[in-house]
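Okay, here's what each chain looks like letter by letter:
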Amino acid sequence: METIRLSNEILEKLGKLCQAGGYETIAQGLEHAIDHHLLELRRQRAEKRGKKIRKKLQEKNLTEDEILKDFEIFRENLRQGNAAT
């Protein structure tokens, strides 16, 4: 595990924030903050992927109904394939 060094000023600020946030320790507050930030980064990445997919579908002039119909066919094929095994 890597050790991160923080200035006393930052540690003091973190301590006050964590205490005000109801955390018993700075470590608990930091873990929660990092988990929250990682979740936000994953959300942003998914949003970017969604925009790329939307753009590609628009470039191919596919309608929502066509996509949904194709997806239902795909799901039905999966069900039939699972039933056969």
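For the structure given in this document, a descriptive report is provided here. Not measured: the values here are computed from a predicted model.

**Brief notes about the overall build of the protein chain**
Part 1 of the argument: Counting secondary structure elements, the protein chain contains three helices and zero strands.
Part 2 of the argument: Along the protein chain, from the amino end to the carboxyl end, the secondary structure elements read α-α-α.
Part 3 of the argument: What you see for the protein chain is a C-alpha radius of gyration of 24 Å, clearly larger than the 12 Å of a compact globule of 85 residues, by over 25%.
Part 4 of the argument: Dimensions of the protein chain, computed from the C-alpha atoms along their principal axes, are close to 60 × 35 × 25 Å.
Part 5 of the argument: Split into buried and exposed, the 85 residues of the protein chain put 4% on the buried side.
Part 6 of the argument: With an accessible surface of roughly 8300 Å², the protein chain has 55% of that area assigned to carbon and sulfur atoms.
Part 7 of the argument: Here the protein chain carries 17 positive and 15 negative side-chain charges, and the mean point of each set is 5 Å from the other.

**Regarding helix α2 (residues 26–59)**
Part 1 of the argument: With 34 residues, α2 extends 49 Å from end C-alpha to end C-alpha; this agrees with the ideal 50 Å at 1.5 Å per step.
Part 2 of the argument: Downstream of α2 by one or two residues, N61 has phi in the positive range, about 55°.

**Some words on the packing of helix α1 (residues 8–20) against α2**
Part 1 of the argument: Viewed as axis vectors pointing N to C, α1 and α2 meet at an angle of 80°, and their least axial separation amounts to 9 Å. Put simply, α1 runs roughly perpendicular to α2. Contacts between α1 and α2 involve L11, L14, G15 and C18 on the former and, on the latter, I26, G29 and L30.
Part 2 of the argument: Residue composition of the contact of α1 with α2, grouped by class: five nonpolar, two polar and no charged.

Reading the values: the criteria
Residues numbered from 1 in each chain as written. Predicted model: local features only at pLDDT ≥ 70, side-chain atom pairs only at ≥ 80, totals over all residues. Heavy atoms only, no water. Helix = DSSP H or I, 4+ residues; strand = E, 2+ residues; numbered from the N terminus. Rg over C-alpha atoms; globule rule 2.2 N^0.38 Å. Buried < 20%, exposed > 50% of the residue type's maximum accessible area, 1.4 Å probe, protein only. Areas by Shrake-Rupley, 256 points an atom, 1.4 Å probe, with all protein chains shown as cover. Lys, Arg positive; Asp, Glu negative; His and termini not counted. Charge placed at Lys NZ, Arg CZ, Asp CG, Glu CD. Expected span 1.5 Å × (residues − 1). Axes fitted to C-alpha atoms, helices over the stretch in contact; angles between N-to-C directions. Parallel < 35°, antiparallel > 145°, perpendicular 65-115°, else oblique. Contact = heavy atoms within 4.5 Å. Nonpolar A, V, L, I, M, F, W, Y, C, P; charged D, E, K, R; others polar.

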